Amino acid sequence: MAAQIWGSEKRARRRREISAKIAQMPELHDSKPLPFMTREEKIMESARKLTILTEKMGQIIDPTDPAELYHLNNEVLGLEGNPMALHGVMFIPALSAQASDEQQAKWLPRALRREIIGTYAQTELGHGTNLQNLETTATYDLATQEFVLHTPQITALKWWPGNLGKSSNYAVVVAHMIIKAKNYGPHPFMVQLRDEKTHEPLPGITIGDIGPKMAYNIVDNGFLGFNKYRIPRTNLLMRHTKVEADGTYIKPPHAKINYSAMVHVRAYMLTGQAIMLASALNIATRYSSVRRQGQIDKSQPEVKVLEYQTQQHRLFPSIARAYAFQFAGAETVKLYEHVLKEMKSGNVSLMADLHALTSGLKSVVTYQTGEGIEQARMACGGHGYSMASYISEIYGVAIGGCTYEGENMVMLLQLARYLVKSAALVKSGQSSKLGPLVAYLGVKSEPTSLIDRIPNSGFTEYVKTFQHVSKRQTLKAADMFFGLMEKGEKREIAWNKCSVELNRASRLHTRLFIVEAFVRRVNEIADIRIKEALTDLLHLHVNYELLDIASYALEDGFLSASQLDYIRDQVYLYLGKIRPNAVSLLDSWEFSDIELRSVLGRRDGNVYENLFKWAKSSPLNKTDVLSSVTQYLKPMMEKARL
Ligand SMILES: CC(C)(COP(=O)(O)OP(=O)(O)OC[C@H]1O[C@@H](n2cnc3c(N)ncnc32)[C@H](O)[C@@H]1OP(=O)(O)O)[C@@H](O)C(=O)NCCC(=O)NCCSC(=O)/C=C/CCCCCCCCCCCCC(=O)O
Ligand SMILES: Cc1cc2nc3c(=O)[nH]c(=O)nc-3n(C[C@H](O)[C@H](O)[C@H](O)COP(=O)(O)OP(=O)(O)OC[C@H]3O[C@@H](n4cnc5c(N)ncnc54)[C@H](O)[C@@H]3O)c2cc1C
């Protein structure tokens, strides 16, 4: 199963080998539980481990393999981030996709050797979503052949970029490029922020940390202002766009090609989210098979809480989602790598499809991951609320994904643009022009679902039902939009008035893609036992998801009330079938105790002894009487006694 999850037997084996090596290297372990550290201590601890890793990485992993590097980071540095989180996730990808060969030769080897630390600085205090209204300017000075970066007012301060505040000395900065008073829109520039020797900010740069966040606090998300700060013309990333010495602008082959670093993260973050969801579920499911509370049969001893159907219903559909996201994520990364290769050689024809797909996926996956993790926390009762479970940190980090790389509603609306264009093709009889991801929009569907009538149809009838609801909602939302425009409404106003319906269409389309990716994967599996276990999970997935969106299929009678009962019964049937495999389905992800950082979720199940040990190690328990008591509470009580 681990081979299915991680992509191959070799990958699964390598992960195990890496975890085993790390287990033998105490210098790479947290020196004490992270929840007991202050933010400064955590940042220091992370930097300590990061530098050891840089030295010893070659002994542990193949540093050129991103999957090995990612696993190493998760084990050693953890999900709260590290001082170089953005360096690998956005700075290097931005340089790789947007710098010319010559620029790459100059900067990439230095970045890869970790001679310099970089980040991606785009969002500002006043604008994150609406890139066209970013305010930082890069004005070309023809006389000196330099760009002058400037922050015209407080809202133009860069705000949020990870590791910008304290760790990075370089950044890819996105600024409006102005040449001879003409604004060419946002473009990426390579900018040195700090002196390479002293790490002091360079003159003209104002920089710092934006303060603590809900989670992810090892990362120093930062602010950055420029006061007429000059960089050479050749620091504009020039793979696709060029500015010649005389100010001549050579436009890129696609208007949005500079957005590729965002698409990179949107594609890669899906498996990252799956991992966080599976981690939280691993903790909750293990704990649920240790925790005994109450009886189902009063004549029997107390049961493991995992025996309760409500507990299974809370956890198992999310286990199915974690697998579904992992499989959909792996497909998306493959597609992304393909499109990137094409893009580098000038073929930009697949960019719109990839943008639409990743926009929908990042939104649905992050939202459902958040839901699943929060349910996992509640499934652990009181102990889930303790930082000892570590679930709250996983939750905080995961839901950051609902916001970063494009706020979810906004990204769903990006997919909706693509769906509405596709709907227009269907309505004008041009269905043959639909891309493969939306081809179903042009296919006539049956009048009713056959879900309960062809039980051995594999998952075909389910897929057809998802297709039906997605198609119907897309055409309905598009009709609403076109109708408003026909009535004379301006395009943007009409769009806003339909946006809730449009986003519903985007979610349904994306959920269909996720179901299909899961079905595709299960169909490919040769090993009978693995196929059986995943088929059960897929049954739960399709029935649970369909129940969740049933209103769309009931509205037009595609599903009947009795079919809904059938679907509900299938959910209960598969909850029971999955119960014996539940812990194994999560243990198969092979998270080590070091990586999980959870007292509740330990592999040995020794929860209570370790919770007590953990509580005793709380810094508050170093003394029996705190100074807050001696200084304030004790005098107060004494005064009251007088
Ligand atoms: C897209 C916007 C909303 C609008 O852009 P704008 O330029 O204004 O658009 P318009 O002019 O209106 O045009 C719209 C048309 O453009 C098309 N379009 C838009 N984008 C693209 C694109 N990328 N490709 C192709 N086409 C595109 C669109 O389809 C329209 O076409 P049409 O007109 O309909 O034909 C834009 O403003 C936007 O994107 N806003 C969002 C801003 C954003 O995303 N900011 C991100 C900042 S960086 C950030 O947030 C970083 C966060 C770091 C987080 C760190 C944690 C990382 C964890 C990663 C884990 C990795 C795990 C790895 C796991 C593993 O290895 O397994
Ligand atoms: C943990 C974290 C890490 C980050 N890291 C980085 C980084 O490394 N580099 C970087 O540059 N940035 C980073 N960001 C910033 C992030 O990319 C932005 O916060 C994000 O893109 C959302 O933009 P915003 O903050 O402007 O939200 P807003 O756009 O202000 O969103 C507020 C509300 O307005 C709604 N809204 C906005 N526009 C529309 C619209 N057109 N239609 C409908 N609704 C709309 C949204 O849906 C939302 O409900 C990070 C953010 C976080 C939380």
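Being a predicted model, the structure only gives us computed values, none of them experimental. (Residues numbered from 1 in each chain as written. Chains lettered and ligands numbered in written order. Predicted model: local features only at pLDDT ≥ 70, side-chain atom pairs only at ≥ 80, totals over all residues. Heavy atoms only, no water.)

Peer 1: Honestly, the site of ligand 1 in this entry has me stumped. Any pointers?
Peer 2: By nearness alone, 30 residues border ligand 1, and Thr129, Gln132, Lys256, Tyr259 and Lys421 come closest of all. Contacts to ligand 1 include glycine 406, whose backbone N or O atom sits 2.9 Å from an oxygen atom. Coverage of ligand 1 by the protein chains reaches 80% of its 1,400 Å² of free accessible surface. At the level of elements, helix H5 (85–98), helix H7 (260–288), helix H9 (351–379) and helix H12 (408–427) are the ones that each hand at least two residues to the shell around ligand 1. When grouped by side-chain class, the residues that make up the shell around ligand 1 number 14 nonpolar, 11 polar and five charged. Mapping the shell around ligand 1 onto the domain boundaries places at least three of its residues in each of domain 2 (116–252) and domain 3 (259–425 + 467–585). (Near = heavy atom within 4 Å. Polar contact = N/O pair within 3.5 Å; in protein donor to acceptor, adjacent residues only side chain to side chain. Areas by Shrake-Rupley, 256 points an atom, 1.4 Å probe, with all protein chains shown as cover. Helix = DSSP H or I, 4+ residues; strand = E, 2+ residues; numbered from the N terminus. Nonpolar A, V, L, I, M, F, W, Y, C, P; charged D, E, K, R; others polar. Domains from an automatic or database assignment.)

Peer 1: What's the story with the domain arrangement of the chain in this structure? I'm lost.
Peer 2: Often, the extent of an interface is quoted as the loss of accessible area on bringing the components together. The domain boundaries assigned to the chain delineate domain 1 (2–82), domain 2 (116–252) and domain 3 (259–425 + 467–585). Using only C-alpha atoms to locate each centre, domain 1 and domain 3 end up separated by 28 Å. With nine residues of domain 1 in contact, the opposing surface of domain 3 contributes 15 residues. Between domain 1 and domain 3 the total buried area reaches about 1,100 Å² when both faces are included, carbon and sulfur atoms providing 67% of it. Three residues stand out in domain 1 for area buried against domain 3, namely Gln4, Ile5 and Leu79, and they jointly supply 55% of the buried area on that side. Joining domain 1 to domain 3, the criterion identifies zero salt bridges. Our enumeration of links across domain 1 and domain 3 arrives at three residue pairs in polar contact (both at pLDDT 80 or more). Of all the elements in the fold, those that place two or more residues in the side of domain 1 that touches domain 3 are helix H1 (2–6) and helix H4 (66–76). With three residues, H1 is the largest single contributor of residues to the side of domain 1 that touches domain 3. A class-by-class count of the residues in the side of domain 1 that touches domain 3 yields six nonpolar, two polar and one charged. (Contact = heavy atoms within 4.5 Å. Buried area = accessible area lost by both parts, 1.4 Å probe. Salt bridge = Lys/Arg side-chain N within 4 Å of Asp/Glu carboxyl O.)

Peer 1: Please clarify how empty space enclosed by the protein should be interpreted in this entry.
Peer 2: To find the voids left in a structure, one rolls a probe of water-molecule size over its atoms. Considering all chains together, one arrives at three cavities of 30 Å³ or more under this definition. Put simply, the largest cavity is a space of about 60 Å³. In terms of lining residues, the largest cavity is bounded by Tyr120, Gln122, Leu131, Val174, Pro186, His187, Pro188, Asn258 and Tyr259. It is strand E6 (residues 182–192) that provides the largest number of residues to the lining of the largest cavity, a total of three residues. In terms of residue class, the lining of the largest cavity is made up of six nonpolar, three polar and no charged. By volume, the second largest cavity is sized at about 40 Å³. Contributing to the lining of the second largest cavity are Phe325, Gln368, Phe466, Arg511, Ile514, Val515, His541 and Glu545. Looking at the lining of the second largest cavity element by element, the count peaks at three residues for helix H15 (residues 499–524). (1 Å grid on protein atoms, 1.4 Å probe; cavity = no way out; pocket = protein on both sides within 12 Å on 5 of 7 lines; lining within 4 Å. Points joined across faces, edges and corners; volume = space filled by probe spheres on them.)

Peer 1: Please explain the UniProt feature "active site" (unreviewed entry) in the chain as it appears in this structure.
Peer 2: Under the feature "active site" (unreviewed entry), the UniProt entry names Glu405. Taking relative accessible area as the criterion, glutamate 405 reaches 11% and is therefore assigned buried. Beyond its immediate sequence surroundings of up to four residues, glutamate 405 is in contact with Met90, Met262, Val265, Arg266, Met269, Lys362 and Met411. (UniProt positions renumbered as here; feature names shortened; annotations may be inferred. Buried < 20%, exposed > 50% of the residue type's maximum accessible area, 1.4 Å probe, protein only.)

Peer 1: Just checking my understanding: could you explain a positive patch on the surface for this structure?
Peer 2: Residues Lys256, Arg417, Lys421 and Arg491 make up a contiguous surface patch of positive charge. Residue position: lysine 256 is located in the loop between strand E11 (249–250) and H7. The class for lysine 256 is partly exposed, based on a relative accessible area of 36%. (Patch = residues over 30% accessible without salt bridge, like charges linked within 9 Å, V, L, I, M, F, W, Y side chains within 5 Å. Lys, Arg positive; Asp, Glu negative; His and termini not counted. Charge placed at Lys NZ, Arg CZ, Asp CG, Glu CD.)

Peer 1: How should the sheet that holds strand E7 (residues 205–209) be read in this particular structure?
Peer 2: Hydrogen bonds along the backbone pair up the strands of a sheet, which may run parallel or antiparallel. Pairing is antiparallel across the open sheet formed by three strands, whose spatial order is E4-E8-E7. The sheet terminates laterally at strand E4 (158–159) and E7, the two strands that pair on one side only. Note that E4 and strand E8 (residues 222–226) share two bridges and pair antiparallel. The partner of lysine 158 across the bridge, within E8, is leucine 224. (Pairing = 2+ DSSP bridges.)

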